[in-house]
Amino acid sequence: MTEFADCYWTSRDGLKLHYRDYSGPAERPALLCLPGLTRNARDFENLAARLAGQWRVIAPDMRGRGDSAYAKDSATYNPFQYVDDVNHLLDEAGVDRYVAIGTSLGGLMTMILAMNAPERIAGAVINDVGPVLEPAGLARIGAYVGQGRSFPTWMHAARAIEETQAGSYPGYGIDDWLAVAKRLMVLSSNGRIVFDYDMKIAEPFARIEAGPQPDLWPGIEALAGKPVLLLRGALSDLLSAQTLEQMRAALPGAETVTIAQVGHAPTLDEPEAVAAIERLLTRCA
């Protein structure tokens with residue numbers, strides 16, 4: 001595994017939050033890797049293995065995930081609070097400019113970061129998410145997030161994830177599902193395999209699913225003129241092809257890549273995604 005430093009920062013409301021810091025040259029922007037709703041810093045291990053040393057890679061566990069503290073108030077599990085947390089991280093880590101690499105929730109965070117301080121963003125990868133979230137994808141995620149299940153073995157855990165996500169990764173075999181399980185889950189103190197996040201993140205998500213979506217188009221427009229890569233899984237039920245095209249139209253010069261035989265969301269390890277990220281970083285260097 002590529003070496004990294006386990007680092008911590010403190011949120012405005014006093015939570016001790018964790019991030020992985022992979023070293024890289026100070027003269028380049030850092031790569032800020034922002035994971036999906038139930039994910040954590042481990043999601044970017046392969047990306048860091050490819051790019052660390054050439055780039056500084058910062059991969060946070062958002063509040064309520066991984067090695068970060070759980071929030072006392074579940075209402076703070078929302079994208080705007082996560083962005084506030086990340087801004088504190090960037091200040092404490094001495095990062096003035098960065099390339100945002102955001103998957104799903106992390107892509108929504110990237111749009112909010114762009115609305116707040118576009119001058120700090122040197123480029124962006126927005127992975128399988130947009131300002132319009134499709135109801136089918138929200139419903140599918142809502143059906144499994146926060147269920148709090150536990151499993152006796154890693155094989156049981158892998159099969160359970162396969163049950164809920166097989167439609168997104170039809171080409172996966174059991175070794176792939178085991179790898180997913182070990183990124184999403186941990187061995188608990190009682191010897192059971194459990195999801196590595198606070199089940200209460202489901203509470204504000206349910207309100208987002210049921211209510212009107214915030215207008216994040218200004219976050220897309222704020223990225224205009226910057227190197228941007230828009231990724232979509234061809235089988236995605238969260239980002240439609242129509243919304244992807246509208247995003248591309250709002251960002252002249254952005255590259256769009258659709259990954260065949262993948263749903264929500266591409267892992268960023270697919271050959272097409274790897275090559276596209278390399279092209280983006282060449283523009284950002």
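In case you missed it, the structure is sitting above this.
The rules behind each value
- Residues numbered from 1 in each chain as written.
- Predicted model: local features only at pLDDT ≥ 70, side-chain atom pairs only at ≥ 80, totals over all residues.
- Heavy atoms only, no water.
- Salt bridge = Lys/Arg side-chain N within 4 Å of Asp/Glu carboxyl O.
- Helix = DSSP H or I, 4+ residues; strand = E, 2+ residues; numbered from the N terminus.
- Buried < 20%, exposed > 50% of the residue type's maximum accessible area, 1.4 Å probe, protein only.
- Polar contact = N/O pair within 3.5 Å; in protein donor to acceptor, adjacent residues only side chain to side chain.
- Contact = heavy atoms within 4.5 Å.
- Phe/Tyr/Trp six-rings, centres within 6.5 Å; stacked < 30°, edge-to-face > 60°.
- Lys NZ or Arg CZ within 6 Å of the ring centre and 35° of its normal.
- Pairing = 2+ DSSP bridges.
- Axes fitted to C-alpha atoms, helices over the stretch in contact; angles between N-to-C directions.
- Parallel < 35°, antiparallel > 145°, perpendicular 65-115°, else oblique.
- Nonpolar A, V, L, I, M, F, W, Y, C, P; charged D, E, K, R; others polar.
- Arc of directions from axis to C-beta.

Quick word on the pattern of salt bridges
A complete count under the given rule lists 14 salt bridges for this structure. The residue Arg-20 makes a salt bridge to Glu-45 at a minimum N-O spacing of 3.2 Å. Here Glu-45 lies in helix α1 (residues 45-51) and Arg-20 lies in strand β2 (residues 16-22), a separation of 25 residues in the sequence. As a salt-bridge pair, Arg-50 and Asp-269 come within 3.1 Å of each other at their nearest N and O atoms. With Arg-50 in helix α1 and Asp-269 in the loop between β11 (255-259) and α10 (271-284), this pair connects stretches of sequence that are 219 residues apart.

What to know about the side chain of Ser-168
Summarising the element assignment, Ser-168 is placed in the loop between α5 (154-165) and α6 (174-184). Accessibility expressed as a relative area gives 6% for Ser-168, which makes it buried. In this structure the side chain of Ser-168 is engaged in a polar contact, spanning 3.3 Å, whose partner is the backbone oxygen of His-264. Excluding anything up to four places from it in sequence, Ser-168 contacts Arg-140, Gln-261, Val-262, Gly-263 and His-264.

Some thoughts on the packing of aromatic side chains
One pass over the full model with this rule turns up seven aromatic pairs. A ring pair is formed by Tyr-169 and Tyr-172, whose centres lie 4.7 Å apart and whose planes are at 20 degrees; its orientation type is stacked. A residue is classified by how much of its surface remains accessible, and Tyr-169, at 8% relative accessible area, is buried. For the ring pair Phe-195 and Tyr-197, a centre distance of 5.9 Å and an interplane angle of 55 degrees mean the geometry is tilted. For the pair Phe-195 and Tyr-197, one class covers both residues: buried. An aromatic cluster of three or more residues is present, and its members are Phe-151, Phe-195 and Tyr-197. The positively charged end of Lys-16 is found above the aromatic ring belonging to Tyr-8, 4.6 Å away from the centroid.

Here's the deal with the sheet that holds strand β1 (residues 5-10)
The strand order β1-β2-β4-β3-β5-β6-β10-β11 describes an open sheet built from eight strands, whose pairing is mixed. Of all the strands in the sheet, the pair left with one neighbour each is β1 and β11. In this sheet, adjacent strand axes meet at a mean angle of 20 degrees when their direction is disregarded. Two strands pair when backbone bridges link them, and strand β3 (residues 30-34) and strand β5 (residues 98-103) are joined in this way by five bridges, in the parallel orientation. Paired with Leu-31 across the strands is Val-99, a residue of β5.

Regarding the sheet that holds strand β7 (residues 150-151)
A sheet is described by the order of its strands in space; here three strands give the open sequence β7-β9-β8, paired in antiparallel fashion. Looking at strand neighbours, the two that pair on one side only are β7 and β8 (185-187), the edges of this open sheet. Where β8 meets strand β9 (residues 193-195), three bridges bridge the pair, whose relative direction is antiparallel. Along β9, the bridge assignment pairs Met-185 with Phe-195. Along the sheet face, α5 touches β7, β8 and β9 and points at about 165 degrees away from the line of β8.

Re the packing of α5 against α6
Each pair of packed helices can be summarised by the angle the axes make with each other and by the distance between the axes. For the pair α5 and α6, the least separation of the axes is 8 Å and the interaxial angle reads 100 degrees. In terms of axis orientation, α5 runs roughly perpendicular to α6. Counted together, Trp-154, Met-155, Ala-157, Ala-158, Arg-159, Ile-161, Glu-162 and Gln-165 of α5 and Ile-174, Trp-177, Leu-178, Val-180, Ala-181, Lys-182 and Leu-184 of α6 form the full contact between these two elements. Its residues assigned to classes, the contact of α5 with α6 shows 11 nonpolar, one polar and three charged.

Quick look at the environment of Val-125
Tracing the backbone through its elements, the reader meets Val-125 in strand β6 (residues 121-127). Residue Val-125 is classed as buried on the basis of its relative accessible area, which comes to 1%. Remark: the alpha-carbon pair of Val-125 and Gln-213, spanning 88 residues in sequence, is separated by 21 Å. Residues contacting Val-125, with those up to four places away along its chain left out, are Ala-100, Ile-101, Gly-102, Leu-229, Leu-231, Ile-277 and Leu-280.

Digging into helix α9 (residues 241-250)
Considered for burial, the residues of α9 that qualify are Thr-243, Leu-244 and Met-247. Across the axial projection of α9, the buried residues extend over an arc of 105 degrees, all falling on one side. Of the surrounding secondary structure, the elements contacted by the buried residues of α9 are β6, α8 (217-221), β10 (228-233) and β11.

What about the environment of Pro-218?
Considering the arrangement of structural elements, one finds Pro-218 in helix α8. Along the primary structure Pro-218 and Ile-208 are separated by 10 residues, whereas in three dimensions their C-alpha atoms are 19 Å apart.

Digging into unusual backbone geometry
For the peptide bond that leads from His-264 to Ala-265, omega is 5 degrees, which places it in the cis range. Assignment of secondary structure puts Ala-265 in the loop between β11 and α10. Non-glycine residue Asp-128 carries a positive phi angle of around 60 degrees. Of note, Asp-128 is situated in the loop between β6 and α4 (135-144). The phi dihedral of Gln-261 falls on the positive side, at around 60 degrees, and the residue is not glycine. For Gln-261, the position within the fold is in the loop between β11 and α10.

Spatial relationships are all this shows, so hold off on functional conclusions.
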